[in-house]
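Descriptive structure summary
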Amino acid sequence: MQGGEHGETVVDRFEQNLQPSATMSERDNATKGVLKGIRKCERKDRRNRFGVEWKDNGRRRFRFFKEEKERNAFFEANYKAREVENFSLSEWLRWQDIKREAEEIGIEPEAALALARRQGAKGFVKGKTLGDATASYLATAERKGRSEDYLRHLRSFFDRLNASLGKEMPLLEVSREQMQNFFDGLGVGAITYKNYRAYSTALFNHCIQEEWMDRSPAARLVIPEVKKEEPGILTPDQTCDLLQAARTISDELAALLALQFFAGIRNANVTRFEVGEINAKAKTITIPAAKFKTKKRHVIEDAAPVLWKWLALADMDELCRWTARNFNWRKGQAFKSAGIEPPKNALRHSFASYRCALDGSAEKASYILGHQNPREIWQAYKATASRADSKRFFAISP
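Because the structure is a prediction, the values reported are computed rather than measured. (Residues numbered from 1 in each chain as written. Predicted model: local features only at pLDDT ≥ 70, side-chain atom pairs only at ≥ 80, totals over all residues. Heavy atoms only, no water.)

1. With respect to the overall build of the chain
So the rule is basically this: Helix and strand definitions here come from DSSP, where helices need a minimum of 4 consecutive H or I residues and strands a minimum of 2 consecutive E residues; each element is numbered from the N-terminal end. Burial classes: relative accessible area under 20% of the type maximum marks a residue as buried, over 50% as exposed, and values in between as partly exposed (1.4 Å probe, protein chains only). Whether two residues touch is decided by their heavy atoms; if any such pair falls within 4.5 Å, the residues are in contact. To be clear on the numbers: accessible area is Shrake-Rupley with a 1.4 Å probe, and residue cover counts the displayed protein chains and nothing else.
Each helix and strand in the chain was counted, giving 18 helices and six strands. The buried share among the 398 residues of the chain stands at 37%. Considering only contacts within the chain whose residues lie at least 6 apart along the sequence, 61% involve residues at least 24 apart. Roughly 24,100 Å² of accessible area belongs to the chain as shown, and the carbon and sulfur atoms make up 47% of that amount.

Set out below in structure tokens:
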């Protein structure tokens, strides 16, 4: 390296500009009195036969010990000092950074190394990318039978995440700061923020379970507070118009809409029925645990009597063959034909509102909807409809 003024090198000047620190003092003390070229030797003709040899200003020096263990202790102490002397400045500073970061998370560097050794072949897979992770979790969600609506929203979120952070980004390099910046730039509604955070948490928990990473970068993300909006419902006249418009398209479409209007069936469940789960004779609707949101079997026995009149119009085998995509498209056509701008989740909201108004409480509505807490249903839907309108609503027949 080229010397500067008075023969100084760049490293000399850099070391002189460093502020005095404990770490540099440690290095100075460790390298003081280092024995250069140290090695073990043995003289069988001496009483103290176990020796150590080193060089001092070009001259050979010796020290002998009676016991081999004494010689070895002396050698080890000085050999380690020689290793310290051979540390470059950059290596020393890097080691101090590693030591400091380990102390910040409450673990000694030696313990971290031991943990890594115990991990062995089960160590985190460095080659995985963000794209690998999203594809793996999506495949897992499909195998678990998640609804088409859930999978569609999940794909949309993963597309945005991969486009923002990069599909080829190494999974272990995804940081909490990057995730927070991604969320800050989304510009979506508060409820969508909440759903996206749930998707992120599920994604990275999946990666931890697969041993691709050890902590979630989605932990403690700050999102806007969810603001409750008054549910949008259809009037009895609008409900009648929509059902009649649906009949001009298909009796099965009208029956599917009736399941949402008069039994509060979720959009994610309405096209997942199998023959036998809707029992017209027993007047029961069964949703198996694998298909229901709470992962528990749900049975509806108190659906509005008018529902069965609408279901009688449909061929149940044909109704059970409808896909979510076909239903949502045909449903949109019916809204357009009826001249109605649909509020979000209007059919299920309409059922809940009119049922609460009809009963004067949320007990029955909560049971049919599959909610555990009637109080939440009452707070959400009370006073959104009148009792007179609820009687008209539940009297709408084909």
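There's plenty left to go through after this.
2. With respect to the pairing of strand 5 (residues 284–287)
Formally: A pair of strands is treated as paired once DSSP finds two or more bridges between them.
Here strand 5 shows two buried faces, one formed by Thr284 and Thr286 and the other by Ile285 and Ile287. From the end of strand 4 (residues 278–279) to the start of strand 5, which pair antiparallel, there are four residues, and Lys283 there has a positive phi angle of about 55°. As paired elements, strand 5 and strand 6 (residues 298–300) share three bridges and run antiparallel to each other. Among the inter-strand pairings, Ile285 is bridged to a residue of strand 6, identified as Ile300.

3. Some words on the nonpolar core
Rules: Think of a nonpolar core as a cluster: buried Ala, Val, Leu, Ile, Met, Phe, Trp, Tyr and Cys residues, connected wherever their side-chain atoms sit within 4.5 Å.
Counting 52 residues, the largest nonpolar core has Leu242, Leu259, Phe262 and Leu307 as the members making the most contacts within it. At the level of secondary structure, the elements contributing two or more residues to this core comprise helix 10 (236–249), helix 11 (251–263), strand 5, helix 12 (306–311), helix 14 (324–338), helix 15 (346–359), helix 16 (363–369) and helix 17 (374–381). Considering each element in turn, this core owes the most residues, 10 residues, to helix 11. Discounting residues that sit within four places of it in the chain, Leu242 has contacts with Leu234, Leu257, Phe261, Ala334, Phe335, Ala338, Ile340 and Leu347. Counting 30 residues, the second-largest nonpolar core is a separate cluster that includes Ala141, Leu154, Phe158 and Leu221.

4. Regarding the pattern of salt bridges
For clarity, the threshold we go by: We count a salt bridge whenever a side-chain nitrogen from Lys or Arg sits within 4 Å of a carboxyl oxygen from Asp or Glu.
Using the criterion set out here, one finds 11 salt bridges in the structure. The partner of Arg71 in a salt bridge is Glu68, and the shortest N-O contact between them spans 3.7 Å. Pair noted here: Arg71 and Glu68 are both in helix 3 (residues 68–86), with a separation of three residues, about one helical turn. Classification of Glu68 by relative accessible area gives partly exposed; the value is 40%. In this structure, the salt-bridge partner of Arg392 is Asp389, at a minimum N-O distance of 3.6 Å. With a gap of three residues between them, Arg392 and Asp389 both fall in helix 18 (residues 387–393), about one helical turn apart. Residue Arg392 is classed as partly exposed on the basis of its relative accessible area, which comes to 41%.

5. Looking at the confidence of the model for the chain
What counts, and what does not: Confidence of the predictor in every single residue is expressed as pLDDT, which spans 0 to 100.
Summarising the model, the chain shows a mean pLDDT of 81, and 82% of its residues fall at 70 or more. Low pLDDT (under 50) marks residues 1–33, which in the prediction has 34 contacts with non-local residues, meaning those over four places away or in another chain.

6. Focus on a positive patch on the surface
Heads up, the condition is: Exposure above 30% relative accessible area and the absence of a salt bridge qualify a residue for a patch, where like charges join within 9 Å and nonpolar side chains (Val, Leu, Ile, Met, Phe, Trp, Tyr) within 5 Å. The positive count covers Lys and Arg only, the negative count covers Asp and Glu only, and His and the chain ends enter neither. By convention, charge coordinates are those of NZ in Lys, CZ in Arg, CG in Asp, or CD in Glu.
Together, Arg143, Lys144, Arg146 and Lys295 make up a positively charged patch on the protein surface. Assignment of secondary structure puts Lys295 in the loop between strand 5 and strand 6.

7. Description of the packing of helix 6 (residues 130–143) against helix 7 (residues 148–165)
To be explicit about the condition: Throughout, an axis means a line fitted to C-alpha atoms (over the contacting stretch in the case of helices), and angles, computed between N-to-C directions, take values from 0 to 180 degrees. Here the word oblique covers every angle except those under 35 degrees (roughly parallel), over 145 (roughly antiparallel) and from 65 to 115 (roughly perpendicular). Amino acids are sorted into nonpolar (Ala, Val, Leu, Ile, Met, Phe, Trp, Tyr, Cys and Pro), charged (Asp, Glu, Lys and Arg) and polar (every other residue, Gly among them).
With their axes 10 Å apart at the nearest point, helix 6 and helix 7 run at an angle of 175° to one another. Classed by the angle they form, the pair helix 6 and helix 7 counts as roughly antiparallel. Contacts from Leu130, Gly131, Thr134, Tyr137, Leu138, Ala141 and Glu142 in helix 6 reach Tyr150, Leu151, Leu154, Arg155, Phe158, Leu161, Asn162 and Leu165 in helix 7. Residues belonging to the contact of helix 6 with helix 7 are distributed by class as follows: 10 nonpolar, three polar and two charged.

8. Observations concerning helix 10
The cut-off we apply is this: By this rule the span expected of a helix is its residue count minus one, scaled by 1.5 Å.
Across its 14 residues, helix 10 extends 20 Å between first and last C-alpha, which sits within 8% of the 20 Å expected from 1.5 Å per residue. Taken together, the buried positions of helix 10 are occupied by Pro236, Thr239, Leu242, Leu243, Ala245 and Ala246. On its buried side, helix 10 packs onto helix 11, helix 12, helix 14, helix 15 and helix 18.

9. A few points about a negative patch on the surface
Together, Glu101, Glu103, Glu104, Glu108 and Glu110 make up a negatively charged patch on the protein surface. Among the secondary structure elements, Glu103 is positioned in helix 4 (residues 89–104).

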